[in-house]
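The residues making up each chain are set out below.
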Amino acid sequence: MHDDNAYDLLAENLDDHHRWAFGTGFVDPLEGVDTSVPDDVDASMLATYSLMLGDDALVYSHRLQQWITRMPELEEETAIANVALDLLGQARMFLTRAVKADPSRADDEDRLAFFREAHEFRNVRLVEHADGDFAELVGRLLVVSTWRLALFERLRWSRDPVLAAIAARAVNELAYHRDYAARWVVTLGDGTDLSHHRMQAALTAIWPYVDELFTTHPVERALGDAAADPAMAREPFDAVLDTVLTAGGLERPTTAPLGLLNGRAGRDGMHTESLGLVLAEMQSVARAHPEATW
Amino acid sequence: MVTAAGTTAGSAFDIAAATPDPELPMVTIADLGILRAVEEHDGRVVATITPTYSGCPAMPEIAHDVRRRLERAGFTEVVVRTSIDPPWSSDWITDNGRHKLADAGIAPPHSAPTRGPTTLLQLRPTRRLVACPRCGSTQTVRTADFAATACRALYRCDDCREPFEYVKEL
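Presented here is a report on the structure given in the accompanying data block. (Residues numbered from 1 in each chain as written. Chains lettered and ligands numbered in written order. Predicted model: local features only at pLDDT ≥ 70, side-chain atom pairs only at ≥ 80, totals over all residues.)

**Description of the environment of A:Met232**
Residues and elements named next belong to chain A. Structurally, the position occupied by methionine 232 is in the loop between α8 (218–223) and α9 (234–247). On the neighbour-count criterion, methionine 232 (15 C-beta atoms within 10 Å) is partly exposed. Taking the C-alpha atoms as reference, methionine 232 lies 9.8 Å from threonine 215; in sequence the two are 17 residues apart. (Helix = DSSP H or I, 4+ residues; strand = E, 2+ residues; numbered from the N terminus. Buried ≥ 20, exposed ≤ 12 C-beta atoms within 10 Å, placed from the backbone.)

**So, the sheet that holds strand β1 (residues 35–41) of chain B**
Within a beta sheet, neighbouring strands are joined by backbone hydrogen bonds and run either parallel or antiparallel to one another. All names here are of chain B. If you walk across this open sheet you meet the 3 strands as β1-β2-β3, and the pairing is mixed. Taken across any chain shown, the strands that pair with only one partner, and hence form the sheet edges, are β1 and β3 (77–82). On average, adjacent strands in this sheet sit at an angle of 15° to one another, irrespective of strand direction. Pairing of β1 with strand β2 (residues 44–49), which is carried by 6 bridges, proceeds in the antiparallel orientation. Following the sheet pairing, valine 38 is matched in β2 by alanine 47. The strands touched by helix α2 (residues 59–72) are β2 and β3; relative to β3, the strand with the most contacts, the crossing angle is about 155°. (Pairing = 2+ DSSP bridges. Axes fitted to C-alpha atoms, helices over the stretch in contact; angles between N-to-C directions. Contact = placed C-beta atoms within 7 Å.)

**Observations regarding the interface of chain A and chain B**
By convention, interface size is frequently given as the accessible area that disappears when the constituent parts associate. Contact with chain A, which involves 46 residues of that partner, is made by 33 residues of chain B. Contributing elements (two or more residues each) for the side of chain A that touches chain B: α1 (6–11), α3 (74–101), α5 (134–155), α6 (161–189) and α9 of chain A. Top contributing element to the side of chain A that touches chain B by residue count: α6(A), with 16 residues.

**Section: the pairing of strand β7 (residues 163–167) of chain B**
Strand residues, when the strand is regular, have side chains that alternate between the two faces of the sheet. All names here are of chain B. Within β7, 4 of the 5 residues are buried, which leaves the element mostly enclosed by the surrounding structure. Sheet analysis places strand β4 (residues 106–107) next to β7, joined by 2 bridges and oriented parallel. Residue pairing in the sheet places isoleucine 106 in a bridge with glutamate 165 of β7. Counted between consecutive antiparallel strands, the loop separating strand β6 (residues 152–157) from β7 contains 5 residues, among which arginine 161 sits at a positive phi close to 70°.

**Some words on the sheet that holds β7(B)**
Read from one edge of the open sheet, 4 strands run β4-β7-β6-β5 (chain B), paired in mixed fashion. Edge positions in the sheet fall to β4 and β5 (140–144) of chain B, since each of these pairs with one other strand and no more.

**Digging into α5(A)**
Counted at 1.5 Å a residue, the expected span for α5(A) with its 22 residues is 32 Å, and the 31 Å between its end C-alpha atoms agrees. Extensive coverage of α5(A) is indicated by the burial of 19 of its 22 residues. (Expected span 1.5 Å × (residues − 1).)

**Some thoughts on α3(A)**
Residue pairs three or four apart in sequence face the same way in an α-helix, which turns once every 3.6 residues. Taking 1.5 Å of rise per residue, the 28 residues of α3(A) would be expected to cover 40 Å, and the 41 Å separating its terminal C-alpha atoms lies within 8% of that figure. In terms of residue burial, α3(A) counts as a mostly covered element, since 23 of its 28 residues are buried.

Here it is in structure tokens:
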């Protein structure tokens, strides 16, 4: 048998290595990586922190995937599919890092992604909402990727070498995502009256969720320099947003931030109803067929 | 079939290095810089690979292919490990790999940018002088920042009018 054709390999089940139904050839994305937790880092907190960064990417990736077949142009659809794929890859590594740091959480990333309830998810609330239109898609992508890039430019120096390595890989991806979104925000803001109006309305709609991104969570504070303090990301975030908004002739919204519920927000598992809708779709196949392989 | 006893230290590397990339089968994983190391001790082989992008879906297939090729060559104990530090760079694509990409109509990447502590915002479309891999013209325009995979962008040649892909610098 000739084995040079990758497509033949994909089509044939050549050994007992069955593939999970919920991913392609699911294997540990940190296979062979030294995942021991540094002595002076609390393993349980590190796991919780990894879940926060992983859940942001997982939930947002799913929301972006919902745009597939709905985009205005094929080129934009390909772009969003690739952004979603990058984020899914980041999510897998963070969730796996959580499992390796604290194996009592779950057996593997699959368990964490598909079998947790909404209140166990640690993502910020900004990423769980469906975009109302294309302007909201690029506005949210600009905010999320600018914020995440600013965080990861610090996280790449984390005392945990695994988080540092994941962040170092992700910064270059996030820079591509941010620049893509920024160009569209400027294009729409500086376009027709209608596109300008819709871009401004989109920013106003997502703005209540922005302040939450920069609130330091007790877990982040306790982890010290193993984590990246989101409060430090505010200044670089504002600088980028100001540049983009000015170039697009757009106003920084003044919408009041969404409040906490009993002092809790997304990082504490307090979500809007939108997260339940994401999970209902994302988790349904895994829960209906928990042992399925293909 | 070569048996483990008959192999030399160099051959395990050569076998692993010949594995084609599933997405770009005209180049091998060694050409792309995905294969980082192959160590052999007493017939036990440890091959180390690194993902290009975080979400690269080809990693499990590459690991599977490397393991199968080594096992067929007689190595009974094969371990494929992942390395994520330092992150892959398009600068690791070999000269040979770049020629093979160009021969297949895919423009190879420029040097990756040196990055400071913050990555500067690029509000204008990325300007690169990319030569058309078919006719050599530099009258080319970028048509999309993302193509069939995250690692490629789409271009069009204004002289020969052919669209082509460019492997992005990362």
